[in-house]
Amino acid sequence: MKLKYTALTLGICSSLLLSACSEEKHVDEKEASHTEHAHDVSGDVQEETSDKATAPEFLTGKPEDMKTIYLAVAQNQELLEKIPCYCGCGEEANHKNNYDCFIHENKKNGAVVWDDHGTKCGVCLEIAAQSILDLNDGMTIKDIRTKVDKAYKKGYAKPTPTPEV
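Summary of the structure given here. Nothing here was measured: the structure is a model prediction, and the numbers come from that model.

**Brief notes about the overall build of the chain**
Phase 1 of the analysis: Broken down by element type, the chain carries seven helices and four strands.
Phase 2 of the analysis: Secondary structure elements in the chain, listed N-terminal to C-terminal, are α-α-β-β-α-α-α-β-β-α-α.
Phase 3 of the analysis: Contacts in the chain between residues far apart in sequence, at least 24 positions, make up 67% of those at least 6 positions apart.
Phase 4 of the analysis: Summed over all atoms, the accessible surface of the chain reaches about 9,200 Å², with 51% contributed by carbon and sulfur.

Here it is, written out as C-alpha cells:
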C-alpha cells in the first residue's frame, strides 16, 4: 500500500507540477453562465456531493491518481487544515490551508462542497499527497508541517495563512 501511494505521489506530482498554479486562468463568461457548477472569485469550480466518499463530477476525465488524492484529502481534514499551501492560493483564492485547495465546505448534513483548484495545481496535489503519506508513515503533524515549510520556503509563492501547529 505504501509503495502504491509513493508511486501515486511521484507520478501525479511530476506530471502536474509543470502546470502548477502559475498558468493564467481564463474563464469564458459565456461558458461560465452555462455551467451547473458554482465558481468562486478566483474562477475555481465548486461542486457539492452528498458525502466525502462521492467524488465530484469535475474529476471525470482527470487522472485516476488525482481522484485518489481528492478522496484521501477528504479523509485527512485534521492534517491538511494544519498544512499550508505554497502555490499562491492564499492571496488568489483566499485559502487558509492545503485542505481548502480541494474542499470548500463540509456541511452539517455530511455533504461536501469540493473545489477544483487542486486539479489545476501540482503544488497543491504534491503537498497533500506527501503530507498524507508522511502521516501514514507515522510522522507527527508538527513534523510534517516543518517538512513542508522547509521544502517550499524558497522558490514558491507566499504560503497560506495557516496557524502554526
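The discussion continues.
**Points about helix α6 (residues 122–136)**
Phase 1 of the analysis: For α6, spanning 15 residues, the distance from its first C-alpha to its last is 21 Å, which sits close to the expected 21 Å at 1.5 Å a residue.
Phase 2 of the analysis: Counting buried positions over the 15 residues of α6 gives twelve, a clear majority of the element.

**Examining the packing of aromatic side chains**
Phase 1 of the analysis: Taken as a whole and assessed by the stated rule, the structure comprises five aromatic pairs.
Phase 2 of the analysis: Look at F58 and Y70: their rings are 5.8 Å apart centre to centre, the planes differ by 75 degrees, and that puts the pair in the edge-to-face class. In this pair, F58 sits in the loop between β2 (45–49) and α3 (64–74) while Y70 sits in helix α3, placing the two residues twelve residues apart along the sequence.
Phase 3 of the analysis: Aromatic side chains Y152 and Y156 sit 4.7 Å apart centroid to centroid with 65 degrees between the ring planes, which places their arrangement in the edge-to-face category.
Phase 4 of the analysis: Looking at Y156, the relative accessible area reads 34%, which means it is partly exposed.
Phase 5 of the analysis: Of the aromatic side chains, those joined through ring pairs into one cluster are F58, Y70, F102 and W114.

**Structural notes on the packing of α6 against helix α7 (residues 141–151)**
Helix packing for two helices is described by the angle between their axes and how far apart those axes are.
Phase 1 of the analysis: Taken N-terminus to C-terminus, the directions of α6 and α7 make an angle of 145 degrees; their axes are 10 Å apart at the nearest point. The chirality of how α6 crosses α7 is right-handed. Facing I127, Q130, S131, D134 and L135 of α6, the residues of α7 in contact are I141, I144, K147 and V148.
Phase 2 of the analysis: Its residues assigned to classes, the contact of α6 with α7 comprises five nonpolar, two polar and two charged.

Cut-offs and rules
- Residues numbered from 1 in each chain as written.
- Predicted model: local features only at pLDDT ≥ 70, side-chain atom pairs only at ≥ 80, totals over all residues.
- Heavy atoms only, no water.
- Helix = DSSP H or I, 4+ residues; strand = E, 2+ residues; numbered from the N terminus.
- Contact = heavy atoms within 4.5 Å.
- Areas by Shrake-Rupley, 256 points an atom, 1.4 Å probe, with all protein chains shown as cover.
- Expected span 1.5 Å × (residues − 1).
- Buried < 20%, exposed > 50% of the residue type's maximum accessible area, 1.4 Å probe, protein only.
- Phe/Tyr/Trp six-rings, centres within 6.5 Å; stacked < 30°, edge-to-face > 60°.
- Axes fitted to C-alpha atoms, helices over the stretch in contact; angles between N-to-C directions.
- Left-handed = near helix turned anticlockwise from the far one by under 90°.
- Nonpolar A, V, L, I, M, F, W, Y, C, P; charged D, E, K, R; others polar.

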